[in-house]
Amino acid sequence: MSGHLSIALVAGARPNFMKIAPLYHALAARKEADRAKGIDLRVSVVHTGQHYDENMSDVFFRDLGIPAPDRHLEVGSGSHAEQTAKIMVAFEKVVLEDRPDFVVVVGDVNSTIACALTAKKLGVRVAHVEAGLRSFDMGMPEEINRKLTDAISDLLFVTEESGVRNLLAEGVAKEKIFLVGNVMIDTLLGNLKRIESGEFVPTGTVGDFCAAAKRYAVLTLHRPSNVDAKESLVPLWGAISEIARRIPIFFPVHPRTRGKIAEFGLGGTGVTMVDPVGYLDMLYAVKGSAMVLTDSGGLQEETTVLGVPCVTIRENTERPVTVTMGTNYLAGTSPDAILAAAGEILSGKAKKGRVPPLWDGKAADRIAEILLRHGTS
Ligand code: UD1
């Protein structure tokens, strides 16, 4: 076996960075061994620039030891069509110049589908990490991105059993599907040690809040369906304010939500609103919390591994194992249902979860192995 193998890892938005970090490290760690086998492995990082604020992007590169991107497309914000199109045009130039053997995309954001589609049309093989998840809600932009990316990917790396079933039901050949575990959990387990050992010291914003509050909840909210319209956000805010009477809430606010909260004149006591925080700060806050309230995908999985009860403020989840096996309550968006789930947790009756199979910190190693096998065969 000999030759070159060039792999481009694509990331664009906040939830992508913790997924490419373990892939980068796993591939980098193999370089020497592969060189001895006659394989010249090249790994590059492409940042589309979908997220660009320091606390939505750069802090994750620092926290997770990802090198500065080899290519930065600097596309920024825009409508879905505008953003996706800008990424495609810029990424096409990169693929034509660099000619990678594999483009690896992660998750379900606009950068994921934009780069997968661009690469595939240029005849470059595409690997999708976190394939097969389905909310069965085509009103979610992420669901559209997931289905389209999976339909054109050559290798599909899946986090949970439901993903395998979904892909097979959509007619994907089983030879392309690999149940490998969860790269985001690789990152979590790797970094938990830094927190537990005291090596990581939280910033003042997080450290001061956690020390003062002792028992607290963490909130995140950014889905367009929850925050963009007044009719959605105002009742949710009513439920959150009610919960805040029982427990202090720490709320790192996504930029899109920040604007809507101001526009609708929301606020009140018991909720500490701060700017988005970095990866390690967030992990520190969530690990120490009594409960998480969220509409994020990733936090449903992270809380399951940490054993922290999670109330998911959505009507559906593409991560059902976190409900059937983990600590997640899929509450929906009605204030009564959110209050009921939070009430059960706060009265000490939260369900005890288990960690799903293969969420063991080794998913990126499994993926690297499979990529190498396919890339060099
Ligand atoms: C995107 C993803 C979503 C993911 C979320 C995590 C898509 C379709 N959505 O949603 O799946 O859960 O990221 O955060 O890809 N903005 C800033 N600074 C930034 C980035 C964004 O101020 O660094 C503001 C801009 O006003 C922008 C808005 O946030 O228009 C939305 O950003 P965008 O990347 O379009 O979508 P997200 O809501 O972040």
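Structural data are supplied above this passage.
Keep in mind it's a predicted model, so treat the numbers as computed, not measured.

1. Brief notes about the environment of threonine 118
Reasoning step 1: With respect to the element layout, threonine 118 can be found in helix H4 (residues 110-121).
Reasoning step 2: Along the backbone, threonine 118 and methionine 88 are 30 residues apart, and their C-alpha atoms lie at a distance of 5.8 Å.
Reasoning step 3: Threonine 118 has contacts with Met88, Phe91 and Glu92, leaving out every residue within four places of it along the chain.

2. Description of helix H8 (residues 204-213)
Reasoning step 1: Among all positions in H8, only Val206, Gly207, Phe209 and Cys210 are buried. All buried residues of H8 lie within an arc of 165 degrees about the axis, which places them on one face of the element. Across H8 from its buried face, at more than 90 degrees, point the exposed residues Asp208, Ala211 and Ala212.
Reasoning step 2: Of the surrounding secondary structure, the elements contacted by the buried residues of H8 are strand S9 (249-252), strand S10 (271-274) and helix H12 (279-287).

3. Side note on the sheet that holds S10
Reasoning step 1: Reading across the sheet, the six strands line up as S10-S9-S8-S11-S12-S13 and stay open at both edges, with parallel pairing between neighbours. Single-partner strands in this sheet number two, and they are S10 and strand S13 (328-330). The sheet shows a mean angle of 20 degrees between the axes of neighbouring strands, direction not considered.
Reasoning step 2: Relative to S13, strand S12 (residues 310-312) runs parallel, the two being bridged by three bridges. For threonine 312, the partnering residue across the bridge sits in S13 and is leucine 330.
Reasoning step 3: Along the sheet, H12 contacts strand S8 (217-220), S9 and strand S11 (291-294); its crossing angle with S8, the most-contacted strand, is approximately 130 degrees.

4. Some thoughts on the pairing of strand S6 (residues 155-158)
Along a regular strand, successive side chains alternate from one face of the sheet to the other.
Reasoning step 1: Alternating positions in S6 separate into two faces, Leu155 and Phe157 on one and Leu156 and Val158 on the other, with burial throughout.
Reasoning step 2: Bridging between strand S5 (residues 125-131) and S6 involves four bridges; their strand directions are parallel. In the sheet register, valine 129 faces S6, and the bridge partner there is phenylalanine 157.
Reasoning step 3: Crossover S5 to S6 through helix H5 (residues 141-152) is right-handed.

5. A few points about helix H3 (residues 80-98)
Reasoning step 1: The end-to-end C-alpha separation of H3 is 26 Å, in line with the 27 Å expected for 19 residues at 1.5 Å each.
Reasoning step 2: Here the buried face of H3 lies against strand S1 (3-11), strand S2 (39-47), strand S3 (71-72), strand S4 (102-106) and H4.
Reasoning step 3: Positioned one or two residues after H3, arginine 99 has a phi angle of 45 degrees, which is positive.

6. Section: the pattern of salt bridges
Reasoning step 1: Taken as a whole and assessed by the stated rule, the structure comprises 27 salt bridges.
Reasoning step 2: Taking the shortest distance from any N to any O, the salt bridge between arginine 194 and glutamate 199 comes out at 3.6 Å.
Reasoning step 3: You can call glutamate 199 exposed: its relative accessible area is 56%.
Reasoning step 4: Among the salt bridges present, the one from glutamate 301 reaches arginine 319, with a minimum N-O distance of 3.0 Å.

Criteria and cut-off values
- Residues numbered from 1 in each chain as written.
- Predicted model: local features only at pLDDT ≥ 70, side-chain atom pairs only at ≥ 80, totals over all residues.
- Heavy atoms only, no water.
- Helix = DSSP H or I, 4+ residues; strand = E, 2+ residues; numbered from the N terminus.
- Contact = heavy atoms within 4.5 Å.
- Buried < 20%, exposed > 50% of the residue type's maximum accessible area, 1.4 Å probe, protein only.
- Arc of directions from axis to C-beta.
- Pairing = 2+ DSSP bridges.
- Axes fitted to C-alpha atoms, helices over the stretch in contact; angles between N-to-C directions.
- Right-handed = clockwise from strand over helix to strand, strands pointing away.
- Expected span 1.5 Å × (residues − 1).
- Salt bridge = Lys/Arg side-chain N within 4 Å of Asp/Glu carboxyl O.

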